[in-house]
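Observations on the model geometry
Listed below are the residues making up each chain.
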Amino acid sequence: MKFYSTNNPLHSVSLREAVIKGLAPGQGLFMPGQIPVLPASYFKSIHEKSFSQIAFDIARAFVEDDIPQDRLKEIVSNTISFDAPLVEIEKNIFSLELFHGPTLAFKDFGARFMSQVLGYFAAEQKKEVIILVATSGDTGSAVANGFLDVKGTRVIVLYPSGKVSEIQEKQFTTLGKNITALEVDGTFDNCQQLVKQAFSDEELNQKLFLTSANSINLARLIPQSFYYFYAWSRLPKKEHVVFSVPSGNFGNLTAGLIAEKMGLPIDHFIASTNRNDIVPNYLASSQFHPRPSVETISNAMDVGNPSNFARMIDLFQNNFSEIKRILSGYSFSDEETKAAMKSVFTQRKYVLDPHGAVGYLGLKKYISQYPETVGVFLETAHPSKFKEVVEETLSTEIQIPERLKIFLQGEKQTVPLEADYNSFKNFLKTLALPHE
Ligand SMILES: *Cc1c(COP(=O)(O)O)cnc(C)c1O
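1. Considerations on empty space enclosed by the protein
One pass over the full model with this rule turns up one cavity of 30 Å³ or more. Estimates place the volume of the largest cavity at around 30 Å³. Residue lining of the largest cavity: Pro 32, Phe 62, Leu 218, Leu 221, Ile 222, Ser 225 and Ile 258, and that is the complete set. In terms of residue class, the lining of the largest cavity is made up of six nonpolar, one polar and no charged.

2. Quick word on unusual backbone geometry
Of note, the phi angle at Glu 64 is positive, near 50°, even though the residue is not glycine. Note that Glu 64 resides in the loop between helix 3 (51–63) and helix 4 (69–79). What makes Glu 64 partly exposed here is its relative accessible area of 33%. Phi at Leu 104 takes a positive value of approximately 60°, unusual for a residue other than glycine.

3. Here's the deal with the site of the ligand
Near the ligand, the surroundings consist of 15 residues, among which Lys 107, Gly 248, Asn 249, Phe 250 and Thr 380 are the closest. In the environment of the ligand, an oxygen atom lies 2.8 Å from a nitrogen or oxygen atom belonging to the backbone of Asn 249. Separating a nitrogen atom of the ligand from a side-chain N or O atom of Thr 380 is a distance of 2.8 Å. Surface burial for the ligand is 96%, taken as the share of its 390 Å² of free accessible area covered by protein chains. Classifying every residue of the shell around the ligand gives six nonpolar, seven polar and two charged.

4. A look at the sheet that holds strand 3 (residues 30–32)
Pairing in this open sheet of three strands is antiparallel, and the strands run 2-1-3 from one edge to the other. Either end of the sheet is taken by a strand with one partner, and the two such strands are strand 2 (8–13) and strand 3. Shown here is a sheet whose adjacent strand axes are inclined to one another by a mean of 40°, direction ignored. Looking at chain direction, strand 1 (residues 3–5) and strand 3 are connected through three bridges and run antiparallel.

5. Details of the sheet that holds strand 9 (residues 209–212)
Across the sheet, which stays open at both edges, the five strands sit in the order 9-6-7-8-14 with parallel pairing between neighbours. Two strands in the sheet have a free side with no partner beyond their single neighbour: strand 9 and strand 14 (415–418). Geometrically, the sheet is characterised by an average inter-axis angle of 30° between neighbouring strands, direction not taken into account. Pairing geometry for strand 8 (residues 179–185) and strand 14, over four bridges, is parallel. Looking at strand 14, one finds that Val 184 is bridged to Leu 417. Against the sheet, helix 6 (residues 138–147) makes contact with strand 6 (129–134), strand 7 (153–160) and strand 8, and its axis sits at roughly 165° relative to strand 7, the strand it touches most.

About the thresholds
Residues numbered from 1 in each chain as written. Predicted model: local features only at pLDDT ≥ 70, side-chain atom pairs only at ≥ 80, totals over all residues. Heavy atoms only, no water. 1 Å grid on protein atoms, 1.4 Å probe; cavity = no way out; pocket = protein on both sides within 12 Å on 5 of 7 lines; lining within 4 Å. Points joined across faces, edges and corners; volume = space filled by probe spheres on them. Nonpolar A, V, L, I, M, F, W, Y, C, P; charged D, E, K, R; others polar. Helix = DSSP H or I, 4+ residues; strand = E, 2+ residues; numbered from the N terminus. Buried < 20%, exposed > 50% of the residue type's maximum accessible area, 1.4 Å probe, protein only. Near = heavy atom within 4 Å. Polar contact = N/O pair within 3.5 Å; in protein donor to acceptor, adjacent residues only side chain to side chain. Areas by Shrake-Rupley, 256 points an atom, 1.4 Å probe, with all protein chains shown as cover. Pairing = 2+ DSSP bridges. Axes fitted to C-alpha atoms, helices over the stretch in contact; angles between N-to-C directions. Contact = heavy atoms within 4.5 Å.

Honestly, it's all geometry; don't read function into it.
The structure is reproduced here in structure tokens:
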């Protein structure tokens, strides 16, 4: 399959190039040349398949023969090495728990698949592939853990010193091996700026094979479709199925829309956001107005200019009425989010994290209009990742899972860095030495 750029349909590249480059020229995003459609018969027997088998079928539809089948099977089963259970928390309301991976957030799916696909393509390179990632917390941990021990790759995580939680920091500073954490004396924006500047530095790019692992990489998008199919296959009722997706950059939701285009019988999607309501506003007004993000308790969704928006409208050839037919959008305040966390905990004994709570709220709002709905909301993070706000809201203590505790025992190792491009460049240059 070929992949084209959202800002130039004529610029079409192989999977390999799309994954290695990440971004198309002029900030375009890569899209599949055509969305493969599965036959209706596939959905009749899908419930007999395992998560990993379903994921392989979906991956193969995009990857085709660009990666040998056996290798792809291995990549998929390494990605799906943990379950994504559906938990019915109220009648016809299901929580799809996507937090059972190593860093307890749904980003593990994308990061694990991408790291291995990139690792496969990197093996053909002479130079080590250097992945630069700026993080405000969660992306860094998912990417670092995904790439840990992947041959031919090195990950450099840049993060703002003192501005991420201890749990987040430990998840990418204790790994060692091919993972290096740069502790930047500055803000997240400084980190992002340093990375951007490195990508556009020609001298540096001649010496080093640099790539990015941010959420717009196609290899992070594809695996996020897997669990829509899997969840649907496990639902006891398959009529009027609606997914509510707590969203920030809208990669997760875009993957759901792709699943629907592939033939998955889903009635409707809900774009659930916090106060950063750019997409709900777009759905209400047809006007897309990005603006600076505001801080909320669901901070992984504090995005003012959602990067996958271009993909969403591209999927529907920018046809606003088509988009409205499949997608509704609602936004919620922190107060509403906390109230939902509280009521679900008191009435159902189920602990929502703030992101999942936003998804739950969107679903409830939709169901108040369409009561026959069988609704699934995506629970994108384990509540212990947002321990403080969850404990304060629920007035109860929550357990940290074992796999998170392991990180806390590790020793933090970082390289301190001024928020200054020359220092960063000098650091990167030292990486070139042993390979020349
Ligand atoms: C990244 C993230 C989101 C938002 O996902 P997008 O694909 O950017 O819309 C939601 N919840 C959590 C916990 C996240 O880490």
